[in-house]
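# Fold and contact review
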Number of protein chains: 2
Amino acid sequence: MNNISQENYLTAIYRNIDEVGEIKPNLLAAKLAISNAAVTDMLRKLSRDGFVDYQKYKSIKLTHEGESYAKNMLRRHRIWEVFLHQTLGMTWDKVHEEAEKLEHSSSDDLINLLDEFLEYPEVDPHGYPIPDKNGKIKKSKSVVAITELGENDSAKVVMVNDDVKNFLSYATKIGITLGKEIKIKDRLEYDGSVLILIDKKEINLSSKIASNIFVEKIKPA
Amino acid sequence: MNNISQENYLTAIYRNIDEVGEIKPNLLAAKLAISNAAVTDMLRKLSRDGFVDYQKYKSIKLTHEGESYAKNMLRRHRIWEVFLHQTLGMTWDKVHEEAEKLEHSSSDDLINLLDEFLEYPEVDPHGYPIPDKNGKIKKSKSVVAITELGENDSAKVVMVNDDVKNFLSYATKIGITLGKEIKIKDRLEYDGSVLILIDKKEINLSSKIASNIFVEKIKPA
DNA sequence: TTATATATTTAAGCATGCTTAAAGATATAT
DNA sequence: ATATATCTTTAAGCATGCTTAAATATATAA
């Protein structure tokens, strides 16, 4: 291939199937901020080129080749993010946008050199796993969104959504960083929000925010 | 702007004006490996957008804005080359191609962070000067191609052309590196080639090769 | 100076990746 | 089960950046 648009489609398709189980044109169009018609159009091309298994009105599937391609793009993206954050000191709310451009402009050789230079990081600055050269991804076992926790549960932040506009700068503002410990003080069922303890302060998180912060439970002592 | 093609046109135009004094569509088409018709087409667009001062059948001029843009692209390109070579260990015959892609995919912020990380290099791995943030370029005073040297002149390699296919890997093979000292043993007028002493060996360089290696004369002791 | 070669532009055409508007298919609610 | 809402596709159109072929301008040589 060698095509920014197509690469973005594949990555978006892969991520959504991974996170939600499936994706249909409507959602894909929303994610890519383009019209539904454009999606139909491109799906035909991706299908023609063997990356997507496209059947009218059905949810979108990747072929084996499409999936490999998408995972390689995720690898590129996340390695660039690590570089930007760790080596150049760019904040975690800026790296996504920058990596989005770089991922389309680097050879595999370059990515592998970067990977070596960074000493083979396993996760990006938001906690997302980095696929290895063969597309293998270390799935973390017991990661759940904050919304899944029960009252009095303690947990450690291990991943935050890097894909939602303005979310990261807000998360930073309330003290969310990878590794930070939190505790659920209360769950307000009527709006799905949760009251958490963080840095000894109590903060109420809307369900939308809470659903984008992923944690590992800490077993009670 | 934000356009790979247009950025490549501007860079090529700038480089040629800088090196040869002018550029016309025919040469530009050759440099970019596209048809003359495509060049005419694009010149109209670049002109419309205020980057080029285009007049039919005349040689191509950059506007002030076009020139700034081109110099910024050179800055990006060369900073990336330094990073690839110095930090990642990529050989100097590979960095150009890779930087060619990266230069179009990085914000000025990123480039400035890289510049800082690299401790403000002044030249790229081929010896080309790196424009600063304001587009200022340190012109080296007394640099000439090997073809300009006289018999028995000694000189130090300070720059090699990064733009000619396969030239760099050949240059590497015969021992040319930045800083390397050479001496002219003989000039063969009938074909323009020169016999040089390098690493205690005598090598004949065609005029084409010699014209792509730039040196500073060393004053006789 | 005129013929010829070379350079440049114009014209028509094509794939890409979008758009909007309209038509058609599917899903949801009553 | 049927009406309605939503989703998806089709159709037509547009800018971009190329192509080749033909027309025109400029440069070079005799």
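Relevant structure appears above.
Residues numbered from 1 in each chain as written. Chains lettered and ligands numbered in written order. Predicted model: local features only at pLDDT ≥ 70, side-chain atom pairs only at ≥ 80, totals over all residues.

The next subject is helix α5 (residues 95-102) of chain A. Inspection of α5 of chain A places V95, E98, A99 and L102 of chain A among the buried residues, and these make up the whole buried set. All buried residues of α5 of chain A fall inside an arc of 100° around its axis, so they share one side. Those residues of α5 of chain A that are buried lie in contact with α4 (64-87) of chain A together with α5 (95-102) and α6 (108-117) of chain B. (Buried ≥ 20, exposed ≤ 12 C-beta atoms within 10 Å, placed from the backbone. Helix = DSSP H or I, 4+ residues; strand = E, 2+ residues; numbered from the N terminus. Arc of directions from axis to C-beta. Contact = placed C-beta atoms within 7 Å.)

Attention shifts here to the relation of the copies chain B and chain A. Turning one copy of the chain about an axis and sliding it along that axis gives the other copy, so a rotation and a shift relate them. Mapping chain B onto chain A calls for a screw motion: a turn of 180° about the axis and a shift of 0.0 Å along it, with 0.0 Å RMSD after fitting. In symmetry terms, the pair is related by a two-fold rotation axis. Same-surface contact between copies: 100% of interface residues of chain B are shared with the interface of chain A. (Least-squares fit on C-alpha atoms with pLDDT ≥ 70 in both.)

In this section: the nonpolar core. When a protein is soluble and globular, its nonpolar side chains tend to lie buried together. Counting residues in each nonpolar core, the largest one holds 67 residues, and the members touching the most others are V160 and I213 of chain A together with V160 and I213 of chain B. Among all residues touching I213 of chain A, those that are not within four sequence positions of it are A145, I146, V157, V160, A171 and I176 of chain A. (Core = buried A, V, L, I, M, F, W, Y, C linked by C-beta atoms within 7 Å.)

All names here are of chain A. One open sheet holds the 6 strands; their spatial order is β3-β8-β4-β5-β6-β7, and the pairing between them is antiparallel. Both outer strands of the open sheet, β3 (143-145) and β7 (201-205), are each paired with one neighbouring strand and no more. Averaged over neighbouring strand pairs, the angle between their axes works out to 45° when direction is ignored. With 5 bridges joining them, strand β6 (residues 193-198) and β7 adopt antiparallel strand pairing. Each bridged residue has a counterpart across the sheet, and for L197 the counterpart in β7 is E202. (Pairing = 2+ DSSP bridges. Axes fitted to C-alpha atoms, helices over the stretch in contact; angles between N-to-C directions.)

Close to DNA strand C lie 19 residues; S35 and A37 of chain A together with K24, N26 and A37 of chain B are nearest. Those elements giving two or more residues to the surface near DNA strand C turn out to be α1 (4-20) and α3 (36-48) of chain A together with α2 (25-32) and α3 (36-48) of chain B. Tallying contributions element by element places α3 of chain A first for the surface near DNA strand C, with 5 residues. Among the residues forming the surface near DNA strand C, the class breakdown is 8 nonpolar, 7 polar and 4 charged. (Near = placed C-beta within 6 Å. Nonpolar A, V, L, I, M, F, W, Y, C, P; charged D, E, K, R; others polar.)

Residue and element names in this part refer to chain A. One way to put it is that α4 packs onto α5 with a least axis distance of 9 Å and a crossing angle of 130°. Classified by the interaxial angle, the pair formed by α4 and α5 is oblique. Between α4 and α5 lies a crossing of right-handed hand. Two secondary-structure elements touch here, α4 through H77, W80, E81, L84 and H85 and α5 through V95, H96, E98, A99 and L102. Considering only residue class, the contact of α4 with α5 consists of 5 nonpolar, 3 polar and 2 charged. (Parallel < 35°, antiparallel > 145°, perpendicular 65-115°, else oblique. Left-handed = near helix turned anticlockwise from the far one by under 90°.)

The topology assignment puts S207 of chain B in helix α8 (residues 207-210). Sequence separation of S207 of chain B and I146 of chain B is 61 residues, and the distance between their C-alpha atoms is 8.7 Å.

A few words now on the protein's contact with DNA strand D. For DNA strand D, the set of nearby residues contains 19 residues, the closest of which are K24, N26 and A37 of chain A together with S35 and A37 of chain B. Counting only elements with at least two residues in the surface near DNA strand D, the list comes to α2 (25-32) and α3 of chain A together with α1 (4-20) and α3 of chain B. Residue contributions to the surface near DNA strand D peak at 5 residues, all from α3 of chain B. When the residues that make up the surface near DNA strand D are grouped by side-chain class, the tally is 8 nonpolar, 7 polar and 4 charged.

Turning next to α6 of chain B. By the burial criterion, the buried members of α6 of chain B are L110, I111 and L114 of chain B. Axial view of α6 of chain B: buried residues confined to an arc of 100°, hence all on one face. The exposed set on the far side of α6 of chain B, more than 90 degrees from its buried face, consists of D108, D109 and E116 of chain B. Buried residues along α6 of chain B sit against α5 of chain A together with α4 (64-87) of chain B. Positive phi shows up at E119 of chain B, right after α6 of chain B, with a value of about 60°.

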